[in-house]
Amino acid sequence: MMKRQFWLIGIVLLAALSACRSKSKDGPTDTYSSGVIAIAADESFEPIVQEEIDVFESLYPLAGIVPRYTTEVEAINLLLKDSVRLAIATRTLTEEEMNSFHSRKFYPREIKLATDGLALIVNRENPDSLLSVRDFRRILTGEVKDWKQVNPGSRLKGIRVVFDNKNSSTVRFAMDSICNGKPLAEGNVSALRTNQQVINYVARNPDAIGVIGVNWLGNRSDTTNLSFREEVRVMAVSAEDVATPGNSYKPYQAYLYYGNYPLARPIYAILNDPRNGLPWGFTSFMTSDKGQRIILKSGLVPATQPIRVVHVNDE
């Protein structure tokens with residue numbers, strides 16, 4: 001890690017010296033496979049984006065990608081302000097945002113990278129393992145506040161739902177796609193700062209439900225992507241009004257691929273790089289065979305790479 005930091009500092013200094021010597025007034029000096037750039041990425045995808053960066057930099061030693069892991073709102077804002085030329089998010093640009101670029105003679109590209117899923121996690125002491133989208137909507141809007149309203153036999157009391165960040169793509173998805181535009185209830189729904197904090201919180205609190213990106217749940221020792229990390233339990237979710245073992249699914253890769261898991265969402269690379277420089281080079285790598293295999297290994301569904309689906313016997 002220390003060696004890589006010294007290498008990256010050296011690349012930055014070389015790029016800065018080169019820029020000073022050339023005194024270029026034409027903007028960025030990076031190329032398709034060299035230079036140093038900053039990118040913005042939704043923090044939900046930090047594990048997979050960081051792995052893509054590590055492999056890309058190992059293949060192209062003269063390239064340096066400096067990621068800023070932040071909220072989806074901030075990632076898009078950084079792109080709009082031209083602070084970065086590549087943002088990774090779960091939505092495309094709005095008409096107003098696209099018009100803002102067009103007014104400045106920019107024409108961004110939106111490229112799908114993968115299909116992700118939102119996982120609902122609970123404490124290992126919580127015996128509840130099934131939840132319908134309808135009941136989760138009722139929890140988020142405050143109609144349901146206690147575990148007994150979901151499962152009359154539960155010994156737990158008030159439900160506490162925790163998200164990663166109030167400006168994250170996870171919260172936006174919950175409001176837009178689960179709650180149909182209704183606001184989230186105050187009191188029993190709150191936001192922390194990161195996905196890892198959500199995992200830690202749920203691991204300590206038996207009455208909590210955490211909402212996180214699937215790629216944070218990967219069990220690195222399991223190359224089949226058929227198990228999740230052990231600190232928490234992952235709920236099976238049903239699109240039907242009443243969740244049963246037969247109609248509920250966990251966010252395994254196969255269920256994301258076939259569309260069985262109802263809390264799925266796309267991941268996009270949004271590019272504003274008219275010079276076809278390093279942002280294009282890195283995006284092309286992420287959509288290439290090597291880049292898509294990294295996505296496949298993470299448990300998500302690649303956008304362009306065919307996958308061999310492994311069927312699971314869910315408990």
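Residues numbered from 1 in each chain as written. Predicted model: local features only at pLDDT ≥ 70, side-chain atom pairs only at ≥ 80, totals over all residues. Heavy atoms only, no water.

Details of the packing of helix H3 (residues 72-80) against helix H4 (residues 95-103)
Then, in step 1: Interaxial distance between H3 and H4 falls to 11 Å at its minimum, and their mutual angle equals 20 degrees. Here H3 is positioned roughly parallel relative to H4, judged by the angle of their axes. Seen from H3, the contacting residues are Ile76, Leu79 and Leu80; seen from H4, they are Glu97, Ser100 and Phe101.
Then, in step 2: Of the residues that constitute the contact of H3 with H4, the class distribution is 4 nonpolar, 1 polar and 1 charged. (Axes fitted to C-alpha atoms, helices over the stretch in contact; angles between N-to-C directions. Helix = DSSP H or I, 4+ residues; strand = E, 2+ residues; numbered from the N terminus. Parallel < 35°, antiparallel > 145°, perpendicular 65-115°, else oblique. Contact = heavy atoms within 4.5 Å. Nonpolar A, V, L, I, M, F, W, Y, C, P; charged D, E, K, R; others polar.)

Quick look at the confidence of the model for the protein
Then, in step 1: On average, residues of the protein score 88 in pLDDT, and 85% of them are at 70 or above.
Then, in step 2: For residues 11-25, every residue scores under 50 in pLDDT, and the model assigns this stretch 7 contacts once sequence neighbours within four places are set aside. (pLDDT = per-residue confidence, 0-100.)

Points about the sheet that holds strand S5 (residues 130-132)
Then, in step 1: Pairing in this open sheet of 3 strands is mixed, and the strands run S5-S10-S11 from one edge to the other. The strands lining the two open edges of the sheet, one partner per strand, are S5 and strand S11 (248-249).
Then, in step 2: Bridge count for S5 against strand S10 (residues 236-238) is 3 bridges, and the pairing is parallel. Within the sheet, the bridge partner assigned to Leu131 lies in S10 and is Val237. (Pairing = 2+ DSSP bridges.)

Observations regarding the nonpolar core
Then, in step 1: In terms of nonpolar packing, the biggest core is built from 72 residues, with Leu140 and Val161 touching the most fellow members.
Then, in step 2: Discounting residues that sit within four places of it in the chain, Val161 has contacts with Phe136, Ile139, Leu140, Asn188, Val189, Ser190, Ile209 and Val211.
Then, in step 3: Counting 14 residues, the second-largest nonpolar core is a separate cluster that includes Leu80, Ala89, Met98 and Phe101. (Core = buried A, V, L, I, M, F, W, Y, C linked by side-chain atoms within 4.5 Å. Buried < 20%, exposed > 50% of the residue type's maximum accessible area, 1.4 Å probe, protein only.)

Details of the pattern of salt bridges
Then, in step 1: In the structure shown here, the tally under the stated rule is 13 salt bridges.
Then, in step 2: Of the charged contacts in the structure, one is a salt bridge between Arg85 and Asp30, with a shortest N-O distance of 2.5 Å. Pair noted here: Arg85 is in the loop between H3 and strand S3 (86-89) and Asp30 is in the loop between helix H1 (2-22) and strand S1 (35-42), with a separation of 55 residues, a long-range link.
Then, in step 3: With its nearest N and O atoms 3.9 Å apart, the salt bridge here joins Asp135 to Arg134.
Then, in step 4: A residue is classified by how much of its surface remains accessible, and Asp135, at 13% relative accessible area, is buried.
Then, in step 5: The class for Arg134 is partly exposed, based on a relative accessible area of 34%.
Then, in step 6: If you follow the salt bridges from partner to partner, you end up with Arg134, Asp135, Arg138 and Glu143 in one network. (Salt bridge = Lys/Arg side-chain N within 4 Å of Asp/Glu carboxyl O.)

Some thoughts on the side chain of Ser132
Then, in step 1: Tracing the backbone shows Ser132 in strand S5.
Then, in step 2: At 3.0 Å, the side chain of Ser132 and the backbone nitrogen of Asp135 are in polar contact.
Then, in step 3: Polar side-chain contacts of Ser132 include one of 3.2 Å to the backbone oxygen of Asp241. (Polar contact = N/O pair within 3.5 Å; in protein donor to acceptor, adjacent residues only side chain to side chain.)

A short note on the side chain of Asn247
Then, in step 1: On the secondary structure map, Asn247 appears in the loop between S10 and S11.
Then, in step 2: In this structure Asn247 comes out as buried when scored by relative accessible area, which is 18%.
Then, in step 3: Among the polar contacts made by the side chain of Asn247, one reaches the side chain of Ser238 at a distance of 3.0 Å.
Then, in step 4: A distance of 3.2 Å separates a polar atom in the side chain of Asn247 from a polar atom in the side chain of Ser248.
Then, in step 5: In contact with Asn247, not counting residues within four places along its chain, are Val237, Ser238, Ala239, Glu240 and Val242.

A look at the environment of Ala243
Then, in step 1: Mapped onto the elements, Ala243 comes out in the loop between S10 and S11.
Then, in step 2: With residues up to four places along the chain from it excluded, the contact list for Ala243 reads Leu130, Leu131, Ser132, Ser238 and Ser248.

As for the pairing of strand S4 (residues 109-122)
Then, in step 1: A large share of S4 lies buried, amounting to 11 of its 14 residues.
Then, in step 2: Where S4 lies against strand S12 (residues 264-271), 8 bridges are found, and the strand directions are antiparallel. Across the sheet, the residue bridging to Lys112 is Tyr268, located in S12.
Then, in step 3: Pairing between S4 and strand S13 (residues 301-302): 2 bridges, direction antiparallel. Paired with Ala114 across the bridge in S13 is Pro302.
Then, in step 4: Bridging between S4 and strand S8 (residues 208-213) involves 5 bridges; their strand directions are antiparallel. When the bridges of S8 are listed, Leu118 appears paired with Gly213.
Then, in step 5: Pairing geometry for S4 and strand S9 (residues 233-234), over 2 bridges, is antiparallel. In the strand pairing of S9, Val122 is matched with Arg233.

Re helix H7 (residues 169-178)
Because each turn of an α-helix spans 3.6 residues, side chains separated by three or four positions in sequence point in the same direction.
Then, in step 1: All of the buried residues in H7 are Ser169, Thr170, Val171, Phe173, Ala174 and Ile178.
Then, in step 2: Two residues or fewer after H7 comes Asn180, characterised by a positive phi angle close to 55 degrees.

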